[in-house]
Amino acid sequence: MPESLSFGFIPFARPKGVLVAFCAENLKFGTATRKALSPVDDLLRRVAAADRFTGKNGSAIEIVAPSGLDVPRLVVVGTGKGGELKPQDIVKLGGVAMGKIPAAAAEATILAEFASGALKGDQAAALALGAQLRAYAFDRYKTKRKDDEKRPDKATVKIACANPAAAEKAWVRGKAIADGVVLARDLINEPANVLDPAEFARRASGLAKLGVGIEVLDVAAMRKLGMGALLAVGQGSAHDSKLVVMRWNGGKRGVAPVALIGKGVCFDTGGISIKPAAGMEDMKGDMAGAASVVGAMQAIAARKAKVNVVGVIGLVENMPDGNAQRPGDIVKTMSGQTIEIINTDAEGRLVLADMLYYVNKKFKPKFMVTLATLTGAIIVALGQEYAGLFTNDDKLAERLAKAGEATGERVWRMPLGPEYDKLIDSKFADMKNAGGRFAGSITAAQLLQRFVDKTPWAHLDIAGTALGSPQTDINKSWSSGWGVQLLDRLVADYYER
Ligand code: BES
Ligand code: MN
Ligand code: ZN
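Presented here is a report on the structure given in the accompanying data block.

Conventions adopted
Residues numbered from 1 in each chain as written. Chains lettered and ligands numbered in written order. Predicted model: local features only at pLDDT ≥ 70, side-chain atom pairs only at ≥ 80, totals over all residues. Heavy atoms only, no water. Near = heavy atom within 4 Å. Polar contact = N/O pair within 3.5 Å; in protein donor to acceptor, adjacent residues only side chain to side chain. Areas by Shrake-Rupley, 256 points an atom, 1.4 Å probe, with all protein chains shown as cover. 1 Å grid on protein atoms, 1.4 Å probe; cavity = no way out; pocket = protein on both sides within 12 Å on 5 of 7 lines; lining within 4 Å. Sits in = over half its atoms within 2 Å of the grid points. Nonpolar A, V, L, I, M, F, W, Y, C, P; charged D, E, K, R; others polar. Donors = N, O, S within 2.8 Å, 3.2 Å for Na, K, Ca; no water. Tetrahedral: all angles 85-135°; square planar, octahedral: opposite > 155°, others 65-115°. Helix = DSSP H or I, 4+ residues; strand = E, 2+ residues; numbered from the N terminus. Buried < 20%, exposed > 50% of the residue type's maximum accessible area, 1.4 Å probe, protein only. Salt bridge = Lys/Arg side-chain N within 4 Å of Asp/Glu carboxyl O. Core = buried A, V, L, I, M, F, W, Y, C linked by side-chain atoms within 4.5 Å. Contact = heavy atoms within 4.5 Å. Pairing = 2+ DSSP bridges. Axes fitted to C-alpha atoms, helices over the stretch in contact; angles between N-to-C directions. Parallel < 35°, antiparallel > 145°, perpendicular 65-115°, else oblique. Left-handed = near helix turned anticlockwise from the far one by under 90°.

## Looking at the site of ligand 1
The local shell around ligand 1 holds 18 residues, among which K275, D286, D345, E347 and G376 are the closest. One of the side-chain nitrogen or oxygen atoms of D345 is found 2.8 Å away from an oxygen atom of ligand 1. At 3.5 Å from a nitrogen atom of ligand 1 is found a main-chain nitrogen or oxygen belonging to L374. Taken by itself ligand 1 offers 520 Å² of open surface, and the protein chains cover 77% of this. With respect to the detected pockets, ligand 1 is housed in the second largest pocket. Tallied by class, the residues present in the shell around ligand 1 amount to seven nonpolar, four polar and seven charged.

So this is what it looks like as structure tokens:
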């Protein structure tokens, strides 16, 4: 798709550009769609038969320059059995539809009607959300484009629906979410020679234009606070560490905020415990937790949510050099607890430990959620379908599970417990930063818990869900932006009911 893609909502009318329509199984169309496609009724039936297209959910047929219709291309997308579709299914269908609109097209119209009837405003907006997510591509560094990849500078997708005004209203929220996901994906895809801690902090500071309060702490400020663990991770890097605090106060004055905390390791070489070369390039995405927090803050602020949220991201680069920390080093955290460094590649928990303590103490939040590409072990356990959820609070677990099912960003609860906690006891310090081969994701979470106290807290290990994402109907990019939709929903459900 083009550099700039916009969505508009119009009444059912003469379609412009590529036309996308929906049908249920057995080529069942809604009334308005059937009317619009009546000139090509026979042609459609023949193409469908030739292609064995029946309208199964997510399948599609295309007719180029259909005679009888004044459009360059007609696409029909199947919606399946025709029963009630969940919002998440409609988002997916928006993605399927967008996937069928050629990159070169400057104009397209999607008829927002299923066999069961016209889509409501929020459903039409869900289509647009899926379409925008599907259209995302990170290609700003590709300077050569083949002829068939040429794209217009601007493209518009019109969504023809029964109530454009209601759809337009629902799209304020949909677009806020889509833009938040896109921002997160961009940050994650950006290479580490461009997105170092300072540049990341600058981009996060861009949220000020939406009314988000921004504070950037530099190394001196963090040293003063005693953040010895976070700073130890960045001490081998040529780039100074940063901590960014983003505040959105859309809720009642004086009501404690919800805290979202993200791991922002702009590049993770492993440090002195250096990683093998194969696949190390993926570690430019080790800041995905921080990216999701920034994306969620953008979504929450852009839709002017009536909530109080604080987003905090720790931005560091884990490099090996003469100043880098060593295995055996002992660092002192802001909480006063000491950590023996066993493996400098277990750096994310060090960054999160100081942030957790700082946020808890400074903001006394209702609850805290940490997001981090924390362990390879969570990929072994859960693959790329679920993020690992660790929490000290059953109610929060329930809220996250529910928000996960609603958005498709699903979480699976993992255990915590004193038996696991023992695995990070140290001979020399209060704890060690790596617990050995067993239960790698759990021992990482146990370390975090030592910095939480009694505040409800949930930790999401997103190493599997955020990077090297499988191709889906709503994402073709290496990064998924996982967590933006989940956090937005979690916060909304918490305050708005
Ligand atoms: N950033 C990595 C975890 C990771 C691995 C994220 C693969 C995404 C994809 C993390 O900092 C790390 O290196 N963890 C180590 C911990 C170990 C040394 C205790 C791991 O998982 O191997
Ligand atoms: Mn690491
Ligand atoms: Zn890491």
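## Side note on the coordination of the manganese ion (ligand 2)
Within the protein, the manganese ion (ligand 2) binds to D268 (OD), D345 (O), D345 (OD) and E347 (OE); these donor distances fall in the range 2.0 to 2.2 Å. Coordination geometry of the manganese ion (ligand 2): the six donor atoms subtend angles of 71 to 167 degrees at the metal centre, consistent with an arrangement described as irregular. Each donor residue of the manganese ion (ligand 2) belongs to the same chain, with the gaps between them written as D-x76-D-x1-E. Here the manganese ion (ligand 2) and the zinc ion (ligand 3) are spaced 3.1 Å apart, linked through D268, which binds each one. Residue D268 is located in strand β11 (residues 258-268), and its partner E347 is located in the loop between β14 (338-340) and α10 (348-363); the two are separated by 79 residues in the primary sequence. An identical accessibility class is assigned to D268 and E347; each is buried.

## Here's the deal with the coordination of the zinc ion (ligand 3)
Note on the zinc ion (ligand 3): its protein donors are K263 (NZ), D268 (OD), D286 (OD) and E347 (OE). The metal-donor distances range over 2.0 to 2.4 Å. Bound by six donor atoms, the zinc ion (ligand 3) shows angles of 77 to 176 degrees at the metal and therefore octahedral coordination geometry. The sequence pattern formed by the donor residues of the zinc ion (ligand 3) is K-x4-D-x17-D-x60-E.

## What to know about the pattern of salt bridges
Side chains that differ in sign of charge can pair as their charged atoms come close. For the coordinates displayed, the defined rule picks out 25 salt bridges. R202 is the salt-bridge partner of E199, the closest N and O atoms lying 3.0 Å from each other. Within this pair, E199 and its partner R202 are both found in helix α6 (residues 197-205), separated by three residues, close to a single helical turn. The salt bridge partner of D425 is R450, with a shortest N-O separation of 2.9 Å. Here the residue D425 occupies a position in the loop between α13 (418-421) and β18 (431-432), and R450 occupies one in the loop between α14 (440-449) and β19 (457-461), the gap between them amounting to 25 residues. Residue D425 is classed as partly exposed on the basis of its relative accessible area, which comes to 39%. One network of salt bridges, in which partners are shared, links R140, D186, E190, E199, R202 and R203.

## A look at the nonpolar core
A general tendency of soluble globular proteins is for nonpolar side chains to be buried together. Ranked by internal contacts, the top residues of the largest apolar core, which has 91 residues, are I159, F200, M246, I313 and L460. Those residues in contact with I313, other than ones at most four positions away along the chain, are F200, A204, K242, L243, V244, M246, G262, A290, V293, V294 and M355. Core analysis: the next-biggest nonpolar cluster, separate from the first, contains 41 residues, V310, V331, V359 and L374 among them.

## Considerations on the sheet that holds strand β13 (residues 330-332)
In space, the three strands of this open sheet follow the order β13-β14-β18, with mixed pairing throughout. Each having just a single partner strand, β13 and β18 make up the two edges of the open sheet. Relative to β14, β13 runs antiparallel, the two being bridged by three bridges. From the neighbouring strand, I330 faces β14, where its bridge partner is E340.

## A short note on the packing of helix α4 (residues 121-135) against helix α5 (residues 164-189)
Close contact between α4 and α5 brings their axes to 8 Å; oriented N to C, the two are set at 25 degrees. Here α4 is positioned roughly parallel relative to α5, judged by the angle of their axes. In this structure, α4 crosses over α5, and the sense of that crossing is right-handed. Within the contact between the two elements, α4 uses G121, D122, A124, A125, A128, L129, Q132 and L133 and α5 uses A166, A167, A170, W171, G174, I177, A178, D179, V181, V182 and R185. A breakdown of the residues in the contact of α4 with α5 according to their chemical character gives 13 nonpolar, three polar and three charged.

From the geometry alone we can't say anything about function, so treat these as descriptive.
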